[in-house]
Amino acid sequence: MRGPIANMMQQAQKMQENLKKAQDEIAQLEVTGSAGGGLVSVRMNGRHEVRGVSIDRKLMADDPEMAEDLVAAAFNDAANKLASETQARMAGVTSGMNLPPGFSLPF
């Protein structure tokens, strides 16, 4: 009986190491969200920290309300790209595990 339990513990430890590695890689990611055909762009890292915002100066002078909407859209685009990348990387860590529906990693 000790054999299967020891094997299961080794698998759990390996999964924990893989999860930590994937989390570290995600933290180092940088994605760029954009809106308005590139008039506004937002750079965001894997920790959801914004590293830069670029707004076409002409847009600010011509239509500040549109600029505000495009900034929000660019943030959302960056966040969605980061979520997709996170999901893809975590899928590799959780592959082969029978997680219950609605259960996801990281917690």
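Residues numbered from 1 in each chain as written. Predicted model: local features only at pLDDT ≥ 70, side-chain atom pairs only at ≥ 80, totals over all residues. Heavy atoms only, no water.

Asker: Help me understand the overall build of the protein in this model?
Answerer: Per the secondary structure count, the protein includes three helices and three strands. Mapped from its N terminus to its C terminus, the protein presents α and β elements in the order α-β-β-β-α-α. Looking at the 107 residues of the protein, the share that counts as buried comes to 23%. The long-range fraction of contacts in the protein, counting pairs at least 24 apart against all pairs at least 6 apart in sequence, stands at 48%. When the accessible area of the protein is evaluated, it comes to approximately 7500 Å², of which 53% is carbon and sulfur surface. (Helix = DSSP H or I, 4+ residues; strand = E, 2+ residues; numbered from the N terminus. Buried < 20%, exposed > 50% of the residue type's maximum accessible area, 1.4 Å probe, protein only. Contact = heavy atoms within 4.5 Å. Areas by Shrake-Rupley, 256 points an atom, 1.4 Å probe, with all protein chains shown as cover.)

Asker: Whenever I open this one, the confidence of the model for the protein confuses me. Can you help?
Answerer: Atomic detail in the predicted coordinates should be set aside for any region of low pLDDT. Here the protein averages 86 in pLDDT, and 85% of its residues register 70 or above. For the protein, the element scoring lowest by mean pLDDT is helix α1 (residues 2-28), at 84; strand β2 (residues 40-45) scores highest, at 97. (pLDDT = per-residue confidence, 0-100.)

Asker: Help me understand unusual backbone geometry in this model?
Answerer: With the exception of glycine, the majority of residues adopt a negative phi angle, and the majority of peptide bonds are in the trans configuration. Backbone geometry at His 48 places phi at a positive 65 degrees, although glycine is not the residue there. Note on placement: His 48 falls in the loop between β2 and β3 (50-55).

Asker: Honestly, the pattern of salt bridges in this entry has me stumped. Any pointers?
Answerer: Should their charged atoms come close, side chains of opposite charge can pair. All chains considered together, the criterion is met by seven salt bridges. Lys 20 is paired through a salt bridge with Asp 24; the nearest N and O atoms lie 2.9 Å apart. Linking Lys 20 with Asp 24, this pair stays in helix α1, spanning four residues, or about one helical turn. On the basis of relative accessibility, which here comes to 47%, the residue Lys 20 falls in the partly exposed class. (Salt bridge = Lys/Arg side-chain N within 4 Å of Asp/Glu carboxyl O.)

Asker: Just checking my understanding: could you explain the side chain of Asn 45 for this structure?
Answerer: Mapped onto the elements, Asn 45 comes out in strand β2. For Asn 45, a relative accessible area of 6% gives the class buried. Engagement of the side chain of Asn 45 in a polar contact is seen with the backbone nitrogen of Arg 47, the distance being 2.9 Å. Engagement of the side chain of Asn 45 in a polar contact is seen with the side chain of Glu 49, the distance being 2.8 Å. Each residue touching Asn 45, except ones within four places of it in the same chain, is listed here: Ala 27, Leu 29, Glu 30, Arg 51 and Leu 82. (Polar contact = N/O pair within 3.5 Å; in protein donor to acceptor, adjacent residues only side chain to side chain.)

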